[in-house]
Each structure stands twice: as C-alpha cells, then as structure tokens.
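Take a look at the letters that make up each chain.
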Amino acid sequence: MIRKARQQDVRFIHGLLSRYGAEGQLLARPLTDIYEFLRDFMIAEDKEGERTGVCALHLVWEDLCEVRSLAVLPERGGEGWGTKLVEACVSDALTLGFNQVFALTYRPGFFSRLGFQEVEKQRLPQKIWADCVKCVKFPDCDEIAMLLEL
Ligand SMILES: CC(C)(COP(=O)(O)OP(=O)(O)OC[C@H]1O[C@@H](n2cnc3c(N)ncnc32)[C@H](O)[C@@H]1OP(=O)(O)O)[C@@H](O)C(=O)NCCC(=O)NCCS
C-alpha cells in the first residue's frame, strides 16, 4: 500500500535518498528538509509492513507540482512500487486541483511509460528560480524534465 509518511519514516527516507544520492541517481535531502516537507512524502509498504520506497509531491506554483525524491529499495526494484508511488502522487495532485506534474530525472523511460513527456526545462521557470538556482548542479544540470498534463 501507499500511505502518507510519518515522523517515524524520516530516517528511512533520509537513508534511502542518501544512498542513491551518493551514486548520483537523485539529489539527497538533508534531514531538516525531510522534516520540513514531511507532508509531501508518501511511503510504499508491503503486506508485511516493510517499507519498500518513498516519493514526494511538492506543490510549486499555480497548477504545477513536482514528483521528486522517488526511490525504491534496490532489492525491491521491478515489483511495481515505483509505479504505484508515482501514481499515488499524481492522484494526490488531482485531488488538490493540480493538472500538471513534472519530474527532473535520469530515468525518462520510467516516467514516459507513465504518460510523462519530455519538455525543455525553460518550461518550468518557477522550479528553476525556486530550487535549481540553489542546487550544486546549476546551471549545468543534466537531468531530464518530464511533464504529465492531466
Ligand atoms: C526508478 C525507480 C524508483 C523505479 O522503481 P521500481 O519500483 O523498480 O519501479 P517499477 O517496478 O514500478 O518499474 C520498474 C520496471 O519494472 C517493470 N515492472 C513494473 N512492475 C513490475 C512487476 N510487478 N514485476 C516485474 N517488473 C515490473 C516496469 O516495466 C519497469 O520497467 P521500466 O523502468 O523499464 O519502464 C527505482 O529504480 C529507483 O529507486 N532508482 C534509483 C533512484 C532513482 O533513479 N529515482 C528516480 C529519480 S526521479
């Protein structure tokens, strides 16, 4: 199942994002960020109650939100958890009245299978000026912008 994250999930989230962050697959997040934005996060959990992955939906601007911090435990990859997490975020976006969801990613194929389409980053100026300018990769970011219009 997919559920909202709780305080008790923060160390799990931090550990998983740090692991993939060290490999350069996504941007790791400091603990302070995870606490501050904990309401953005969703947790995937199997029938035994074991956590398998995490994802966050961040509201950016009028009718624009971002799926970010998507990560599934490597040993649980390919079981559909990543898909379920993104679908839960998209459903959350719709519930909140948002019709455009984007992701910055090195896995464009994964997102295109879910209906996202590649766009120029210039299509997302609010993201660039709010977050990207503070990122260590700016302005040479090689992540691919993928957008889903609902
Ligand atoms: C990207 C990531 C989240 C995908 O998670 P996942 O749980 O493996 O995703 P899914 O299982 O839903 O889909 C993965 C593949 O398995 C296949 N698959 C889906 N359900 C499946 C199932 N039940 N059984 C077997 N294969 C399945 C899908 O076809 C998919 O193939 P594709 O990626 O080539 O399209 C995961 O690999 C990850 O954490 N990567 C490192 C961090 C990262 O890159 N995050 C994204 C940054 S935005």
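Residues numbered from 1 in each chain as written. Predicted model: local features only at pLDDT ≥ 70, side-chain atom pairs only at ≥ 80, totals over all residues. Heavy atoms only, no water.

Moving on, we come to the overall build of the protein. A count of helices and strands for the protein gives 5 helices and 7 strands. Counting from the amino terminus, helix and strand elements in the protein follow one another as β-α-α-β-β-β-α-β-α-β-α-β. C-alpha extents for the protein along the principal axes are approximately 45 × 30 × 30 Å. A total of 150 residues make up the protein; the buried ones form 43% of that total. In the protein, of all internal contacts separated by at least 6 residues, the share reaching a separation of at least 24 is 67%. Carbon together with sulfur atoms contributes 52% to the accessible area of the protein, which is approximately 8300 Å² in total. (Helix = DSSP H or I, 4+ residues; strand = E, 2+ residues; numbered from the N terminus. Buried < 20%, exposed > 50% of the residue type's maximum accessible area, 1.4 Å probe, protein only. Contact = heavy atoms within 4.5 Å. Areas by Shrake-Rupley, 256 points an atom, 1.4 Å probe, with all protein chains shown as cover.)

It is worth spelling out the site of the ligand at this point. Gly78, Gly80, Gly82, Thr83 and Arg113 are the nearest of the 19 residues found near the ligand. Separating an oxygen atom of the ligand from a backbone N or O atom of tryptophan 81 is a distance of 3.5 Å. One nitrogen or oxygen atom from the side chain of threonine 83 is found 2.5 Å from an oxygen atom belonging to the ligand. Among the secondary structure elements, those contributing two or more residues to the shell around the ligand are strand E4 (64-72), helix H3 (81-95), strand E5 (100-105) and helix H4 (108-113). Here the residues of the shell around the ligand sort into 9 nonpolar, 7 polar and 3 charged. (Near = heavy atom within 4 Å. Polar contact = N/O pair within 3.5 Å; in protein donor to acceptor, adjacent residues only side chain to side chain. Nonpolar A, V, L, I, M, F, W, Y, C, P; charged D, E, K, R; others polar.)

Judged by nonpolar contacts, the single largest core of 23 residues is most densely connected at Leu57, Val67, Val86, Val101, Phe111 and Phe116. Those elements that provide at least two residues to this core are strand E2 (41-45), strand E3 (51-61), E4, H3, E5, H4 and strand E7 (144-149). In terms of residue count, the dominant contributor to this core is H3 (7 residues). Beyond its immediate chain neighbours, meaning those up to four positions away, valine 101 contacts Leu57, Cys65, Val67, Ala93, Phe116, Met146, Leu147, Leu148 and Leu150. (Core = buried A, V, L, I, M, F, W, Y, C linked by side-chain atoms within 4.5 Å.)

On to the packing of aromatic side chains. For the coordinates displayed, the defined rule picks out 2 aromatic pairs. Aromatic pair phenylalanine 110 and phenylalanine 111: ring centres 5.3 Å apart, planes at 90°, arrangement edge-to-face. Here the two residues phenylalanine 110 and phenylalanine 111 agree in accessibility, since each one is buried. Note on phenylalanine 111 and phenylalanine 116: the rings are 5.2 Å apart at their centroids and 80° apart in plane angle, and the pair reads as edge-to-face. As far as the burial class goes, phenylalanine 111 and phenylalanine 116 line up, both buried. Aromatic rings pair up to connect Phe110, Phe111 and Phe116 into one cluster. A cation over a ring is seen here: arginine 68 above phenylalanine 37, with NZ or CZ 5.6 Å from the ring centre. (Phe/Tyr/Trp six-rings, centres within 6.5 Å; stacked < 30°, edge-to-face > 60°. Lys NZ or Arg CZ within 6 Å of the ring centre and 35° of its normal.)

What follows deals with unusual backbone geometry. Look at aspartate 63: it is not a glycine, yet its phi comes out positive at around 60°. When you line up the elements, aspartate 63 lands in the loop between E3 and E4. Of note in this structure, serine 69 is not a glycine but carries a positive phi near 50°. Residue position: serine 69 is located in strand E4.

None of this, on its own, says anything about what the molecule does.
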